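Chain by chain, the residues run as shown.
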Amino acid sequence: MKKLPGIFIKTGFILFLAAILLASCVPMKRIRYIQDPKKESEARSDFKSAEVSEYLVHKGDNLYIKVNSLEDKNNYFNKDDNYNNYYTESGIYLNSFTVNDSGFVEFPLIGKVEVDNMTTTQIQEVLQGKVDEYIKNTVVIVKLANFRVSMMGEFQKPGKYLVYQDKITIFEAISMAGDLTDFAKRNKVLLIRQTDKGVKTHRLNLNDYSILESEFYYLMPNDMVYVEPLKGKAFAFSEFPYALIFSTITTTLLLIEYFNKN
């Protein structure tokens, strides 16, 4: 009968250990991206992405505008010829043109140019026509200087990222943030997007292959992506808890020995 408490302790220890092991495991089905419900041999291999509408410039945006020409007069149009300043975020901001509250940018020599609700391509065409009135054989470059996306929640490296390209997919943005953690809820990713009519939210399922054909596959400037943790994260471990297991085993053996002696 003296060994009965030890049996209870052993049983409880086994159940406790099993609970820890189960809590620390995340099913592979929740981790894999772009899953097809069909068998792998029958899965689709061709996908057509939804058409991506070009971003419309809004008040408060910053535009990088550069006029290239063989003539020295082009210096009157450009803010700074020190190209090293363009390789930092602060340099890009300082060398950009801000769209004011009225939807205009103040461009050297030309004056106010309306750019609100226009694409960068349309703005480039307007500026090219105005610059040509002063200097011939020029090339005007217009880029959005504040293309940023915010990655929040269960990312390896959450934060705000500056994008140096015209468009970016949600998976490219996830890669910039170091990928998702094992405890990320991949099937209910929240996309927060600012529009002319206010803020809109959308739920995305990164486990489903249909994301490749979604209209939200490509992110827009100032998009925010939030990924919630799984409910069991508080009881799980990102790495196997060897120290906790060994400590528990030691404590359990000492308790068993104590009860057996008494």
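The rules behind these values
Residues numbered from 1 in each chain as written. Predicted model: local features only at pLDDT ≥ 70, side-chain atom pairs only at ≥ 80, totals over all residues. Heavy atoms only, no water. Pairing = 2+ DSSP bridges. Helix = DSSP H or I, 4+ residues; strand = E, 2+ residues; numbered from the N terminus. Axes fitted to C-alpha atoms, helices over the stretch in contact; angles between N-to-C directions. 1 Å grid on protein atoms, 1.4 Å probe; cavity = no way out; pocket = protein on both sides within 12 Å on 5 of 7 lines; lining within 4 Å. Points joined across faces, edges and corners; volume = space filled by probe spheres on them. Nonpolar A, V, L, I, M, F, W, Y, C, P; charged D, E, K, R; others polar. Patch = residues over 30% accessible without salt bridge, like charges linked within 9 Å, V, L, I, M, F, W, Y side chains within 5 Å. Areas by Shrake-Rupley, 256 points an atom, 1.4 Å probe, with all protein chains shown as cover. Salt bridge = Lys/Arg side-chain N within 4 Å of Asp/Glu carboxyl O. Contact = heavy atoms within 4.5 Å. Expected span 1.5 Å × (residues − 1). Buried < 20%, exposed > 50% of the residue type's maximum accessible area, 1.4 Å probe, protein only. Arc of directions from axis to C-beta.

Novice: Outline the sheet that holds strand β6 (residues 148–153), supporting the account with residue identities and numerical values.
Specialist: The strand order across the open sheet built from 5 strands is β7-β6-β12-β9-β10, with neighbouring strands paired in mixed fashion. In this open sheet, the two edge strands, each paired with only one partner strand, are β7 (159–162) and β10 (198–204). Each neighbouring strand pair of the sheet contributes to a mean axis angle of 20°, computed without reference to strand direction.

Novice: Could you give me a rundown of empty space enclosed by the protein, with the residues and numbers involved?
Specialist: What the rule picks out here adds up to 1 cavity of 30 Å³ or more. Within this model, the largest cavity holds a volume of roughly 40 Å³. Among the elements that take part in the lining of the largest cavity, helix α3 (residues 89–94) stands out by supplying 3 residues, more than any other. Of the residues assigned to the lining of the largest cavity, the class counts are 3 nonpolar, 3 polar and 2 charged.

Novice: Tell me about a nonpolar patch on the surface, and please be specific about residues and values.
Specialist: On the surface, Y76, L109 and Y134 cluster together into a nonpolar patch covering about 360 Å² of accessible area. In this fold, Y134 is placed in the loop between α4 (120–131) and β5 (139–144).

Novice: Tell me about the layout of surface pockets, and please be specific about residues and values.
Specialist: Taken as a whole, the largest pocket encloses approximately 700 Å³ of empty space. Lining the largest pocket we find 25 residues, and of these K143, L144, Y164, Q165 and D166 sit closest to its centre. Of all elements in the fold, only α4, β5 and β11 (218–219) reach the threshold of two or more residues within the lining of the largest pocket. Grouping the constituent residues of the lining of the largest pocket by class yields 16 nonpolar, 5 polar and 4 charged. In this model, the second largest pocket occupies a volume close to 520 Å³. Lining the second largest pocket are 19 residues, with Y55, R193, Q194, T195 and M220 positioned closest to its centre. Considering each element in turn, the lining of the second largest pocket owes the most residues, 3 residues, to strand β9 (residues 189–195). For the lining of the second largest pocket, the class distribution of residues is 7 nonpolar, 6 polar and 6 charged.

Novice: With reference to specific residues and values, describe the sheet that holds strand β2 (residues 97–98).
Specialist: A sheet is described by the order of its strands in space; here 3 strands give the open sequence β2-β1-β5, paired in antiparallel fashion. In this open sheet, the two strands that pair with only one neighbour each are β2 and β5. Strand direction decides the pairing type here: strand β1 (residues 62–68) and β5, joined by 6 bridges, are antiparallel. Looking at the pairing, K66 lines up with I141 of β5. Where α4 meets the sheet, its contacts fall on β1 and β5, and the angle it forms with β5 comes to roughly 150°.

Novice: Before we move on, can you summarise α4 with the specific residues and values?
Specialist: Over its 12 residues, α4 runs 16 Å from end to end, which matches the ideal 16 Å to within 8%, given 1.5 Å per residue. Regarding α4, the residues found buried are T120, I123, L127, Q128 and V131. The buried residues of α4 occupy one face: seen down the axis, they fall within an arc of 135°. Those residues of α4 hidden inside the fold are in contact with β1, β3 (104–107), β4 (111–114) and β5.

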